[in-house]
Amino acid sequence: KLNSIPGYREQFQAVFGSDATIGAVGKAIAAFERTIVSGSAPFDLYRMGDRSAMSPAAVRGMHLFNGKAHCLPCHSGPLFSDQGFHNIGVGMQKEKPDLGRFEHTKDPADRGKFKVPTLRSIARTPPYLHDGSEATLLDVVEYYDRGGNPDPGLDPLMLPLHLSAREKSDLVAFLEALTGPVPVIEVPE
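Residues numbered from 1 in each chain as written. Predicted model: local features only at pLDDT ≥ 70, side-chain atom pairs only at ≥ 80, totals over all residues. Heavy atoms only, no water.

Peer 1: Where do I start with the overall build of the protein chain in this structure?
Peer 2: Regarding its fold elements, the protein chain presents seven helices and two strands. Beginning at the N terminus, the succession of helices and strands in the protein chain can be written as α-α-α-α-β-α-β-α-α. Across its three principal axes, the protein chain shows a C-alpha extent of roughly 55 × 50 × 25 Å. Across the protein chain, contacts joining residues at least 24 apart in sequence account for 60% of those joining residues at least 6 apart. Summed over all atoms, the accessible surface of the protein chain reaches about 11600 Å², with 60% contributed by carbon and sulfur. Between the averaged position of the 20 positive side-chain charges in the protein chain and that of its 23 negative side-chain charges there is a distance of 2 Å. (Helix = DSSP H or I, 4+ residues; strand = E, 2+ residues; numbered from the N terminus. Contact = heavy atoms within 4.5 Å. Areas by Shrake-Rupley, 256 points an atom, 1.4 Å probe, with all protein chains shown as cover. Lys, Arg positive; Asp, Glu negative; His and termini not counted. Charge placed at Lys NZ, Arg CZ, Asp CG, Glu CD.)

Peer 1: Got a minute to help me understand the pattern of salt bridges in this structure?
Peer 2: Counted by the stated rule, this structure contains ten salt bridges. Note that Asp 131 is salt-bridged to Lys 94, the shortest N-O span being 3.6 Å. Of the two residues, Asp 131 sits in the loop between strand 2 (114-115) and helix 6 (137-145) while Lys 94 sits in the loop between strand 1 (85-86) and helix 5 (102-105), which places them 37 residues apart along the sequence. Classification of Lys 94 by relative accessible area gives partly exposed; the value is 46%. Residue Asp 110 is joined to Arg 101 by a salt bridge in which the shortest nitrogen-to-oxygen separation is 4.0 Å. What makes Asp 110 buried here is its relative accessible area of 11%. Through salt bridges with shared partners, a single ionic network connects Arg 60, Arg 166 and Asp 170. (Salt bridge = Lys/Arg side-chain N within 4 Å of Asp/Glu carboxyl O. Buried < 20%, exposed > 50% of the residue type's maximum accessible area, 1.4 Å probe, protein only.)

Peer 1: Where do I start with the environment of Ser 52 in this structure?
Peer 2: Inspection of the secondary structure assignment puts Ser 52 in the loop between helix 3 (42-47) and helix 4 (56-66). Under the relative-accessibility criterion, Ser 52 is labelled exposed at 65%. Of the polar contacts made by the side chain of Ser 52, one reaches the side chain of Asp 50; its length is 2.6 Å. (Polar contact = N/O pair within 3.5 Å; in protein donor to acceptor, adjacent residues only side chain to side chain.)

Peer 1: Help me out: how do you make sense of unusual backbone geometry in this one?
Peer 2: Most peptide bonds are trans, and most residues other than glycine sit at a negative phi. Omega for the peptide link from Pro 126 to Pro 127 comes to -5 degrees, which places this bond in the cis form. Its place among the elements puts Pro 127 in the loop between strand 2 and helix 6. Positive phi, normally seen in glycine, also occurs at Lys 106, with a value near 60 degrees. By secondary structure assignment, the location of Lys 106 is in the loop between helix 5 and strand 2.

Peer 1: Please explain helix 6 as it appears in this structure.
Peer 2: Leu 137, Val 140, Val 141, Tyr 143 and Asp 145 are the residues of helix 6 that are buried. Tucked into the core, helix 6 has its buried residues touching helix 7 (165-176). Once helix 6 ends, the next one or two residues include Gly 147, with phi positive near 90 degrees.

Peer 1: Explanation requested: the environment of Glu 167 in the structure shown.
Peer 2: Locating Glu 167 in the fold gives a position in helix 7. Judged by its relative accessible area of 18%, Glu 167 is buried. The spatial distance from the C-alpha of Glu 167 to the C-alpha of Gly 153 is 28 Å, given a sequence separation of 14 residues. The residues contacting Glu 167, other than those within four sequence positions of it, are Leu 64, Lys 68 and His 162. Within the structure, Glu 167 has its side chain in polar contact with the side chain of Lys 68 (distance 3.0 Å).

Peer 1: Just to check I follow, could you spell out the packing of helix 4 against helix 7 for this structure?
Peer 2: Between two packed helices, both the angle of their axes relative to each other and the distance between the axes serve to describe the pair. Close contact between helix 4 and helix 7 brings their axes to 7 Å; oriented N to C, the two are set at 100 degrees. Here helix 7 runs roughly perpendicular to helix 4, going by the angle between their axes. Contacts between helix 4 and helix 7 pair Ala 57, Ala 58, Arg 60, Gly 61, Met 62, Leu 64 and Phe 65 from the former with Arg 166, Glu 167, Asp 170, Leu 171, Ala 173, Phe 174 and Leu 175 from the latter. (Axes fitted to C-alpha atoms, helices over the stretch in contact; angles between N-to-C directions. Parallel < 35°, antiparallel > 145°, perpendicular 65-115°, else oblique.)

Peer 1: Help me understand the packing of aromatic side chains in this model?
Peer 2: The geometry of an aromatic ring pair is captured by two quantities: the separation of the ring centres and the angle between the planes. Across all of its chains, the model carries seven aromatic pairs by this definition. Taking the centre distance of 6.0 Å and the plane angle of 80 degrees together, the rings of Tyr 143 and Tyr 144 count as edge-to-face. Among the aromatic residues, ring-to-ring pairing joins Phe 43, Phe 65, Phe 80 and Phe 174 into one connected group. Sitting above the plane of the Tyr 46 ring, Arg 51 keeps its charged end 4.3 Å from the centroid. Above the plane of the ring of Phe 85 lies Arg 101, whose end atom (NZ or CZ) is 4.0 Å from the centre. (Phe/Tyr/Trp six-rings, centres within 6.5 Å; stacked < 30°, edge-to-face > 60°. Lys NZ or Arg CZ within 6 Å of the ring centre and 35° of its normal.)

Next up, the structure:
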């Protein structure tokens, strides 16, 4: 697919001296991941005792994240990801859905499952969900609030949340508090 896009083919040739092979794509992803650096997010500062680091809305959102919004089963730990694979119904209603992990395992139980991403620096990475179908964090919260899209393999953790407009806004404020400043990295000459 990448080689069918002239711009990608040109860039892979310029950077790696080859077409977009599995190896070159792996190198490109690794190079990109090395650029993802974040300073202490307001959440981290709050956890270290600076109670002024997060807004009251973000603090309310944190409590929702840890409770009523039911985020922790999948978005846990320091990276806010269980590193697991879940079907949340994204794109499964399409005529040709992206079958996710199933494409690699061929296990029918993996149909529509995708790896849970980190929520660190999430405010910097729109659009959201594996297919980019949600433009904003509020759109993502709305998606989860309705319980995702119906699918026979939908993860049982996907439930309608019944959040109020204020709760949705507070949850977005908390997600934004997981994004810290980009540190300036001095490159020696």
